[in-house]
Amino acid sequence: MALNNTTAFHDEIVVVDGLIIAKWDRELFVDMRKGGLTAANCTVSVWEGFQSTVNNIIDVNQLIAESSELVRPVRTVDDIRAAKKEGRTGIILGFQNAHAFEDQLGYIEIFKQLGIGVVQLCYNTQNLVGTGCYERDGGLSGFGREVIAEMNRVGMLCDLSHVGAVTSREIIEESSKRVCYSHCLPYGLKAHPRNKTDEELKFIADHGGFVGVTMFTPFLAKGTQATIDDYAEGIEYIMNIVGEDSVGIGTDFTQGQDQAFFEWLTHDKGYARELTQFGEIVNPEGIRTIGEFPNLTETLLRRGHSEDRVRKIMGENWLQLLGDVWGTA
């Protein structure tokens, strides 16, 4: 497909990023529009408890209101479709840890009412729900089973990206609604605690789940030398296991974040023991910024994927998943 046609195709399709943890500011929103991003799941809580997370949501809501010509809040799939028609980017609020629920099941519905659509159950380590991927996995707790049931009831997507293998398996089996890995890569391409084995990928897909593929270079075989084609290879590897209807994009863009932020992320609860070291953070050549999102569409087409398949990967599969979990307004 010619470049002009590729650009037009990208502008036409729905593009959904299943995980962005970039620095919240207007510059980010401008780059989202440059990249033709229709919607994104953007993190508002990792290590924070209830009150600090509510404070984050207040700040983010203010930012969105101040840039309403660029972005809009998302609570339903119809909101995402509307964002596409309006030429804005829909912002889905999400957590990367259930820590903000504390020990109160009632907080789950409160956060749903505040616009939280996606919650990763554990961030790397143990919490009241279960275990993360960086320590011995004790599985889903009894309280965790109650959390899953309440998330299912209110229509909140369960994300297992940083969750341990045993806990993930038990959540997949426990949940009455579809669940996801919003941002991961295959262990088969690089042995890393954050990557998912072929067996894990097949298990979630066999149970109706979904996989968003990250491009975070510490998890790619070539590391900081990776290119957009290495990212596409990760997408293809996972698609060959889960099928073209159960795969999408979850870049894990950290755009604008500084070293102090990564230190906070990589220490348990933000301050305790060091869990991992990322080293230099450089996104793959060809998609270093959110504004370069059209290059991913071009790359997938160049690698021989049909327009229909690219539509699914770039966004339509996410819309199906979110509609299945959130329901209709």
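Residues numbered from 1 in each chain as written. Predicted model: local features only at pLDDT ≥ 70, side-chain atom pairs only at ≥ 80, totals over all residues. Heavy atoms only, no water.

Per an unreviewed UniProt entry, the chain goes by the name Membrane dipeptidase and belongs to Brevibacterium aurantiacum.

**Regarding the packing of helix 3 (residues 50–66) against helix 5 (residues 106–113)**
Axis separation between helix 3 and helix 5 bottoms out at 12 Å; the angle between their running directions is 5°. Considered as vectors, helix 3 and helix 5 are oriented roughly parallel to each other. Residues Phe50, Thr53, Val54 and Ile57 of helix 3 form the contact with helix 5, whose own contacting residues are Tyr107, Ile110 and Phe111. Split into classes, the residues belonging to the contact of helix 3 with helix 5 amount to 6 nonpolar, 1 polar and no charged. (Axes fitted to C-alpha atoms, helices over the stretch in contact; angles between N-to-C directions. Helix = DSSP H or I, 4+ residues; strand = E, 2+ residues; numbered from the N terminus. Parallel < 35°, antiparallel > 145°, perpendicular 65-115°, else oblique. Contact = heavy atoms within 4.5 Å. Nonpolar A, V, L, I, M, F, W, Y, C, P; charged D, E, K, R; others polar.)

**As for helix 7 (residues 165–174)**
Within helix 7, the full set of buried residues consists of Thr167, Ser168, Ile171 and Ile172. When helix 7 is viewed along its axis, its buried side chains cluster within an angular range of 135° and face the same direction. On its buried side, helix 7 packs onto helix 6 (142–154), strand 7 (179–184) and helix 8 (198–206). (Buried < 20%, exposed > 50% of the residue type's maximum accessible area, 1.4 Å probe, protein only. Arc of directions from axis to C-beta.)

**Describing the pattern of salt bridges**
One pass over the structure, following the stated rule, counts 25 salt bridges. Note that lysine 222 and aspartate 230 form a salt bridge whose closest N and O atoms lie 3.4 Å from each other. Here aspartate 230 falls in the buried class, since its relative accessible area comes to 11%. With a shortest N-O distance of 2.8 Å, aspartate 229 and arginine 303 are connected by a salt bridge. Note that aspartate 229 is positioned in helix 9 (residues 228–242) and arginine 303 in the loop between helix 11 (293–302) and helix 12 (307–326), a separation of 74 residues in sequence. Relative accessible area serves as the criterion here: at 23%, aspartate 229 is assigned to the partly exposed category. The exposure class of arginine 303 is partly exposed, given its relative accessible area of 32%. Overlapping salt bridges bring together Asp229, Glu236, Glu298, Arg302 and Arg303 as one network. (Salt bridge = Lys/Arg side-chain N within 4 Å of Asp/Glu carboxyl O.)

**Regarding unusual backbone geometry**
Backbone geometry places glutamate 102, a non-glycine residue, at a positive phi of 50°. Summarising the element assignment, glutamate 102 is placed in the loop between strand 4 (89–95) and helix 5. With a phi angle near 60°, lysine 269 is a residue other than glycine that sits in the positive phi range. Along the chain, lysine 269 turns up in the loop between helix 10 (259–265) and helix 11.

**Digging into the pairing of strand 8 (residues 210–213)**
Residue alternation in strand 8 divides its side chains into two sets, Phe210 and Gly212 and Val211 and Val213, and both sets are buried. Traced from strand 7 through helix 8 to strand 8, the parallel crossover comes out right-handed. Sheet analysis places strand 8 next to strand 9 (residues 247–249), joined by 3 bridges and oriented parallel. Considered in strand 9, the bridge of valine 213 is made with isoleucine 249. Assessed by its sense of winding, the connection that carries the chain from strand 8 through helix 9 to strand 9 is right-handed. (Right-handed = clockwise from strand over helix to strand, strands pointing away. Pairing = 2+ DSSP bridges.)

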